[in-house]
Protein chains: 2
Amino acid sequence: MHKVLFRRLALIGVGLIGSSLARVCHVRGDIAAEVVATARTATTRQKVLELGLADKVFDSLKETVAEADCVVLCTPVGSYGEIASAIGPALSIGAILTDVGSTKQSVIRDVGPFVPEGVHFVPGHPIAGTEHSGPEAGFADLFKGRYTILTPPPGTDETAVEKVTELWRRAGSIVEIMEPAHHDRVMAIVSHLPHLIAFTICGTADDLEHQSMKDVLRFAASGFRDFTRIAASDPVMWRDIFLNNREALLEMTQRFVEDMTAMARAVRWGEAEYIVDKIERGRHIRKKLIALKQA
Amino acid sequence: MHKVLFRRLALIGVGLIGSSLARVCHVRGDIAAEVVATARTATTRQKVLELGLADKVFDSLKETVAEADCVVLCTPVGSYGEIASAIGPALSIGAILTDVGSTKQSVIRDVGPFVPEGVHFVPGHPIAGTEHSGPEAGFADLFKGRYTILTPPPGTDETAVEKVTELWRRAGSIVEIMEPAHHDRVMAIVSHLPHLIAFTICGTADDLEHQSMKDVLRFAASGFRDFTRIAASDPVMWRDIFLNNREALLEMTQRFVEDMTAMARAVRWGEAEYIVDKIERGRHIRKKLIALKQA
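Residues numbered from 1 in each chain as written. Chains lettered and ligands numbered in written order. Predicted model: local features only at pLDDT ≥ 70, side-chain atom pairs only at ≥ 80, totals over all residues. Heavy atoms only, no water.

1. Quick look at the overall build of chain A
Tallying secondary structure elements over chain A gives 12 helices and 9 strands in all. Expected size for 295 residues packed as a compact globule is a radius of gyration near 19 Å; at 21 Å, chain A falls within 12% of this value. Reported as C-alpha extents along the three principal axes, the dimensions of chain A are approximately 65 × 40 × 35 Å. For chain A, the residues scored as buried account for 60% of the 295 residues in total. In chain A, once contacts between residues fewer than 6 apart in sequence are set aside, the share between residues at least 24 apart is 75%. Total accessible area on chain A is roughly 11,700 Å²; 52% of this is exposed by carbon and sulfur atoms. (Helix = DSSP H or I, 4+ residues; strand = E, 2+ residues; numbered from the N terminus. Rg over C-alpha atoms; globule rule 2.2 N^0.38 Å. Buried < 20%, exposed > 50% of the residue type's maximum accessible area, 1.4 Å probe, protein only. Contact = heavy atoms within 4.5 Å. Areas by Shrake-Rupley, 256 points an atom, 1.4 Å probe, with all protein chains shown as cover.)

Rendered as structure tokens:
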């Protein structure tokens, strides 16, 4: 077994990602000697104890982080600023502060100002998840073979970056370093826009008259169904992602709506070649994904 | 075994659907005593013989239908008018003419005028398919447990409707009768719009700069991937569907683009409640699908 990475790892928030990380720590044994946690609600804290996800569960944010040498924010990104301001003064000198949020510029903007001198802030994003949420939804293999992106600000302590890298490697993940702005643009097209579309098309269908909606549900297998799996994801998490990756998401949405409008125009005017060309591009990208074993 | 339904069933076009129907006929034995077929290209006709999908393969449309008591159009819907005008004079009195096209008003518009007196025209749509195409892609279980919608024009011979119903029941399908306009609206939202979105978002991603596109492919698992499966579908088939369900597809696209624009506006102005409400609706519909075992 490797040398244990951390003495005490503190989880702030124990949903799908937090509880999966807790499970990996228990299964591996070489990530943290001790896992402590807190959660916003008493119900979740109770559940964490029942599921044996942490050695200690605290009510207070400060107590949770006080003696930890690694603190991982696992709450919706909209809560990060408030949490950072609360835990900042309680963080130990030399500790590493990291997170699992799906937006990275906003995290640096919201958390950065509260990180005390001597604490190493290494923003991170394990690109893994399911449409399920909550502490029961996690599992130890969630990160296996999936990418984790780290976006450390310039000048971040290299040993701290190396330790967070090793944390995710031990969880089974492939770790990449990226510029936060590039991360946010790529996630906007690859994840945030698809989720925005999925939530929206469900509403569009739901606004149809009653009989049509009934038939939408019955005949969903013809395409609609593929769009609804991701629409089952956690509302607060996604609200926060949309609001905290606003610029990139609005840019991608704008590009997409322009492209939809151009397609609709081609359909209206019977521009067969234009339509076939777009369909061929879609097939081409699908083939690339299959070749890359991402499909 | 039931009484055999048809003496000779003729398939015009042997792609995913046509070849699956041919396979069902062979497996069951009680649908048609003989299956004959034609296809546009010599390569496909040769493939149909090699795969043993038909008892006879003809080059000529007229020869294919001449002695058939059931003719099934299985080509892209854009080709129906031309095929109907070619086969019309060769159809036997008392024969049934049906099809598998994904649009139904256009089929009635394009085929109806060429159906001779005494031939029974029963438009149909088995709602089944995969993203694969061609005679090799078919399989006998494709229709099992899936809906088939029939849209017979008023006054259609009831025995003919009953025989086409029985054909699809024997293929394992659940058969429903529907108004062609209602069919086209429901398919527009449940299938045609999702495909239009899938093809379009692939193009939107492909237009990003090179590094972003590379990362889109690498991180596709975060949502994008779900949208690309259906983007692998056959281009000519989908071009024809889009162009032949134009009014309903444009209406659904317009509704969807309005809803996307409203979501984007809510993101821009930080309207958290609006966003959460839309996400909740998406989750609600997903839950309904799961309850209906359609997810």
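2. Describing the sheet that holds strand 7 (residues 124–126) of chain A
Residue and element names in this part refer to chain A. One open sheet holds the 3 strands; their spatial order is 7-8-9, and the pairing between them is mixed. Whereas interior strands pair on both sides, the edge strands pair on one side only; in this sheet they are strand 7 and strand 9 (174–177). Between one strand axis and the next, the sheet turns through 20° on average, direction left out of account. Summarising the sheet, strand 7 and strand 8 (residues 147–150) pair through 3 bridges and their orientation is antiparallel. Counted as the bridge partner of H125 is I149 from strand 8. (Pairing = 2+ DSSP bridges. Axes fitted to C-alpha atoms, helices over the stretch in contact; angles between N-to-C directions.)

3. Describing the relation of the copies chain B and chain A
Laying chain B over chain A is done by rotating through 180° and shifting 0.0 Å along the axis; what remains is an RMSD of 0.0 Å. In the structure described here, the two chain copies are related by an operation that fits a two-fold rotation axis. Most of the interface of chain B is mirrored in chain A: 100% of its interface residues are interface residues there too. (Least-squares fit on C-alpha atoms with pLDDT ≥ 70 in both.)

4. Considering the domain arrangement of chain A
All names here are of chain A. By domain assignment, chain A separates into domain 1 (6–178) and domain 2 (182–291). Taking only C-alpha atoms, the centre of domain 1 and the centre of domain 2 are 31 Å apart. Each side of the interface is counted separately: domain 1 has 18 residues, and domain 2 has 15 residues. Of the roughly 1,300 Å² buried where domain 1 meets domain 2, counting both sides, 62% is carbon and sulfur surface. Contact with domain 2 buries area across many residues of domain 1, yet S102, E131 and M178 alone supply 37% of it, more than any other trio. If you look at where domain 1 meets domain 2, you find 1 salt bridge. Note that R229 and E131 form a salt bridge whose closest N and O atoms lie 3.0 Å from each other. Seen at the junction of domain 1 and domain 2, the total is 6 residue pairs in polar contact (both at pLDDT 80 or more). (Domains from an automatic or database assignment. Buried area = accessible area lost by both parts, 1.4 Å probe. Salt bridge = Lys/Arg side-chain N within 4 Å of Asp/Glu carboxyl O. Polar contact = N/O pair within 3.5 Å; in protein donor to acceptor, adjacent residues only side chain to side chain.)

5. Things to note about the packing of aromatic side chains
On inspection of all chains with the given rule, the structure shows 12 aromatic pairs over all chains. For the pair Y147(A) and F219(B), a centre-to-centre distance of 4.8 Å together with 90° between the ring planes defines the contact as edge-to-face. Here F219(B) lies in the loop between helix 8 (210–218) and helix 9 (224–228) and Y147(A) lies in strand 8, a pairing that spans two chains. This pair shows no difference in class: Y147(A) is buried, exactly as F219(B) is. Aromatic pair W238(B) and F242(B): ring centres 5.6 Å apart, planes at 50°, arrangement tilted. In this pair, W238(B) and F242(B) are both assigned in helix 10 (residues 235–244), 4 residues apart and thus about one turn of the helix distant. According to the relative accessible area criterion, W238(B) is buried, its value standing at 4%. By the ring-pair criterion, three or more aromatic residues cluster together here, those being F199(A), W238(A) and F242(A). (Phe/Tyr/Trp six-rings, centres within 6.5 Å; stacked < 30°, edge-to-face > 60°.)

6. Details of the interface of chain B and chain A
With 92 residues of chain B at the interface, the matching set in chain A holds 92 residues. Interface area for chain B against chain A, summed over the two sides, is near 8,800 Å², with a carbon-plus-sulfur share of 69%. It is L217(B), F219(B) and M260(B) in chain B that bury the most area against chain A; as a group they hold 7% of the surface buried on that side. In this structure, R218(A) engages E176(B) in a salt bridge whose closest nitrogen and oxygen atoms are separated by 2.4 Å. Applying the counting rule to chain B against chain A returns 26 residue pairs in polar contact (both at pLDDT 80 or more). Elements with a contribution of two residues or more to the side of chain B that touches chain A: strand 8 (147–150), helix 7 (180–206), helix 8, helix 9, helix 10, helix 11 (246–268) and helix 12 (272–291) of chain B.

7. A few points about the side chain of S20(B)
All names here are of chain B. Tracing the backbone shows S20 in helix 1 (residues 16–28). Within polar-contact distance, the side chain of S20 engages the backbone nitrogen of F139 at 3.0 Å. If near-sequence neighbours (up to four positions away) are discounted, S20 is found in contact with G15, G138, F139, A140, L142 and F143.

8. Quick notes on the environment of G18(B)
Residue and element names in this part refer to chain B. The topology assignment puts G18 in helix 1. Judged by relative accessible area, G18 falls into the buried class, the value being 0%. Sequence-distant contacts of G18, defined by excluding residues within four places in its chain, comprise L11, G13 and C74.

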